[in-house]
Structures are given as structure tokens and as C-alpha cells.
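What follows is the residue order along each chain.
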Amino acid sequence: MRKSRLKPQQVLAATTVALVLAAMAPGNWARVLTDRPRYLLRAVLYPSEMALNSLAGAIRRPADRSVDLGEGEQLRSNLEQALYYNEQLSQELAQARAKIAQLTGMRGYLSLTGVRLMPASVASWSGDSLYPTLTINRGYKHGLRSGLVVADGFNLVGRLSSVGPVAATVRLITAADTQFVVRVLPPVPGAPPRSALTRAQAAQRRLELWATTDEGDPVREGDLAYLADEGWPAEARGLVIGQVARIEKHPDDPILRRRVVIRPIRSLTHLDRVTVIVPTDFEPPRAQGAFQPSFSSAP
């Protein structure tokens with residue numbers, strides 16, 4: 001039998017050199033070199049990852065936050081969906097009125113097109129506290145592309161940051177550079193009308209978001225924060241960012257301002273299933289061999 005000319009030491013040296021060059025290469029080059037092997041490896045390891053993910057989630061998953069929706073707790077899912085659509089329609093109506101006021105003679109406005117809801121299973125989650133992500137079992141072969149919105153019920157989870165053939169990465173809203181405009185409202189429909197519009201951003205390594213409000217703003221513990229940022233897709237606006245966990249004095253201006261701490265209702269890093277919101281009017285990527293570029297969640 002013919003012996004290989006390559007010795008183990010030579011293979012090790014060549015591998016080391018390749019890894020060093022990949023580490024020093026620009027981000028775009030490194031992504032092209034590593035994305036395809038990474039997603040192929042995900043496809044092979046997916047069954048075992050699913051089993052380990054379910055076991056770890058059952059052991060480590062924290063309790064969901066309790067949202068007081070008033071009477072009729074048995075109709076929670078219906079109420080959550082109604083809250084989402086109610087807030088989304090409310091924001092659309094406010095935007096439409098502003099356009100009509102600015103453009104005299106305008107008789108109508110463009111309504112949202114339909115969407116397709118694609119359920120996906122979570123194969124794994126990252127342990128990075130600065131930039132947490134999930135890996136799901138759907139990719140561009142299922143019609144996905146980077147930038148699509150991912151939700152869990154009426155809760156916003158994040159957006160697709162990169163997409164492979166049969167797997168995709170979800171960048172969570174608690175990633176360090178995430179920030180958006182939110183509207184804070186009471187959780188119970190029919191409660192006395194009060195709302196506050198503010199900007200929230202992810203708190204580093206805390207898996208929560210911080211917002212700043214004035215001392216007199218009508219924000220209470222237990223309120224829900226809805227996405228109201230025009231920099232996000234229309235189908236995401238009205239989804240819930242989280243619940244106001246506590247309100248404290250702002251460290252930079254404790255007299256006039258307050259810090260509002262917003263936490264996701266469910267632990268995003270311990271989800272088993274999510275839903276990808278796919279607009280029905282977009283065309284899936286034609287270049288099936290190419291990976292979708294990474295996406296930054298900050299608008």
C-alpha cells in the first residue's frame with residue numbers, strides 16, 4: 001500500500017497556518033470561508049443538537065414572566081394575538097392620519113401586504129452574553145433570507161442575521177447593539193388611556209433592555225413595551241419587546257429622569273420553537289449557492 005507523503009506534523013502545521021490566516025482575514029472573507037462548512041456541520045449535528053437543546057432547556061429554563069391580562073386567563077393566547085393586532089392597527093392608523101394631514105387631497109394609503117408564518121424549531125442557542133443568537137432548522141431552501149422578523153406568539157424575538165441552506169441564525173433583540181423606539185402601554189385592554197414613546201436599547205450582558213423616560217411619564221411596572229420603530233419592517237411593529245420589570249432613578253439625572261428596565265416575557269435563549277414572518281410579496285433569493293450576508297439589528 002502506498003504511504004502518504006504528508007506527515008501528521010505537516011498536516012498540523014498547515015492547519016495551524018490556515019487558522020491563523022482565517023483569523024487575520026477581513027470579516028467578509030472569513031464569513032465566505034466559514035459559513036458553508038458551519039451550516040453543513042449544523043445539518044449533520046442537528047438531530048443530536050435538538051435532543052440536547054430540549055434536555056438543557058427543561059433543566060435551565062427560567063420561569064416566564066407573568067402578564068396580568070385581567071379576567072379570562074384561559075383565553076391568554078387569543079388575548080395576546082388581539083393585543084398585537086390592536087397595537088399594530090393603532091400605529092398604522094396614526095401614521096395614516098399624519099400622511100393625510102401632510103398631503104392634502106390624498107384619498108388613501110397603502111395597507112400592509114399579507115405575510116406567511118413559517119414555524120421553526122430551535123436547534124441551539126449561543127452562550128455569548130453580548131450577542132446572543134439562536135439557530136433554527138430553516139434556511140434559504142425554505143424561502144428565507146437575512147433580515148426577516150422572528151417572533152414567539154406576540155413577542156418579538158429578533159431577526160435573521162445569516163441564512164444557510166437548511167439552517168439560519170437569529171440575532172436576538174437583547175444583542176448589545178440593538179436599539180429601537182418602543183411604545184409603553186398598560187397590559188389590560190380597556191385600562192385608562194396612557195402611553196409613553198421612548199427609545200430602548202439592550203443592556204450589555206443582562207438579557208434585558210433599558211429605556212429612559214421623564215419623571216412625569218405615565219409608565220408603570222407591569223406595562224408592556226411594543227415595537228414602534230419605523231426602521232423595522234411593518235410586520236414587526238406592534239409586537240411586544242417585553243414587560244416593564246422595574247423603574248429606577250436614572251444614574252445620570254436622578255431628579256428629572258428614570259430608567260425603565262424591560263425584560264422579555266419569555267426567556268429568548270430557552271425557546272424551543274419560533275415563527276419566522278415572511279412577507280408574501282418578496283421573492284426568495286435566486287442565488288441558491290450563496291449565503292446571505294450578516295445583518296446588524298440596530299436600525
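Residues numbered from 1 in each chain as written. Predicted model: local features only at pLDDT ≥ 70, side-chain atom pairs only at ≥ 80, totals over all residues. Heavy atoms only, no water.

Brief notes about the packing of aromatic side chains
Here comes step 1: Taken as a whole and assessed by the stated rule, the structure comprises one aromatic pair.
Here comes step 2: Relative to Trp232, the ring of Phe180 has its centre 5.7 Å away and its plane inclined at 70°; by these criteria the two rings are edge-to-face. Of the two residues, Phe180 sits in strand β6 (residues 179-185) while Trp232 sits in the loop between β9 (224-227) and β10 (240-249), which places them 52 residues apart along the sequence. Both residues of the pair, Phe180 and Trp232, count as buried.
Here comes step 3: Sitting above the plane of the Trp232 ring, Arg159 keeps its charged end 4.9 Å from the centroid. (Phe/Tyr/Trp six-rings, centres within 6.5 Å; stacked < 30°, edge-to-face > 60°. Helix = DSSP H or I, 4+ residues; strand = E, 2+ residues; numbered from the N terminus. Buried < 20%, exposed > 50% of the residue type's maximum accessible area, 1.4 Å probe, protein only. Lys NZ or Arg CZ within 6 Å of the ring centre and 35° of its normal.)

What to know about the pattern of salt bridges
Here comes step 1: Scanning the model with the defined rule gives seven salt bridges in all.
Here comes step 2: Between Arg194 and Asp223 there is a salt bridge, with the nearest N and O atoms lying 2.6 Å from each other. Of the two residues, Arg194 sits in the loop between β6 and β7 (196-203) while Asp223 sits in the loop between β8 (208-214) and β9, which places them 29 residues apart along the sequence.
Here comes step 3: Relative accessible area serves as the criterion here: at 23%, Arg194 is assigned to the partly exposed category.
Here comes step 4: Residue Arg259 pairs with Glu248 through a salt bridge whose shortest N-O separation is 3.7 Å. Of the two residues, Arg259 is situated in strand β11 (residues 257-263) and Glu248 in strand β10; the sequence distance between them amounts to eleven residues.
Here comes step 5: Residue Arg259 is classed as buried on the basis of its relative accessible area, which comes to 16%.
Here comes step 6: A residue is classified by how much of its surface remains accessible, and Glu248, at 26% relative accessible area, is partly exposed. (Salt bridge = Lys/Arg side-chain N within 4 Å of Asp/Glu carboxyl O.)

Brief notes about unusual backbone geometry
Here comes step 1: One non-glycine residue, Leu207, lies in positive phi territory at about 55°.
Here comes step 2: In this structure, Leu207 sits in the loop between β7 and β8.

Observations regarding the pairing of β11
Here comes step 1: With respect to burial, β11 is a largely interior element, five of its seven residues being buried.
Here comes step 2: Strand direction decides the pairing type here: β8 and β11, joined by six bridges, are antiparallel. Within β11, the residue paired with Asp214 across the bridge is Arg257.
Here comes step 3: The sheet contact formed by β10 and β11 spans six bridges and is antiparallel. What sits directly across from Lys249, in β11, is Arg258. (Pairing = 2+ DSSP bridges.)

Keep in mind that these numbers describe shape and distance, not what the molecule does.
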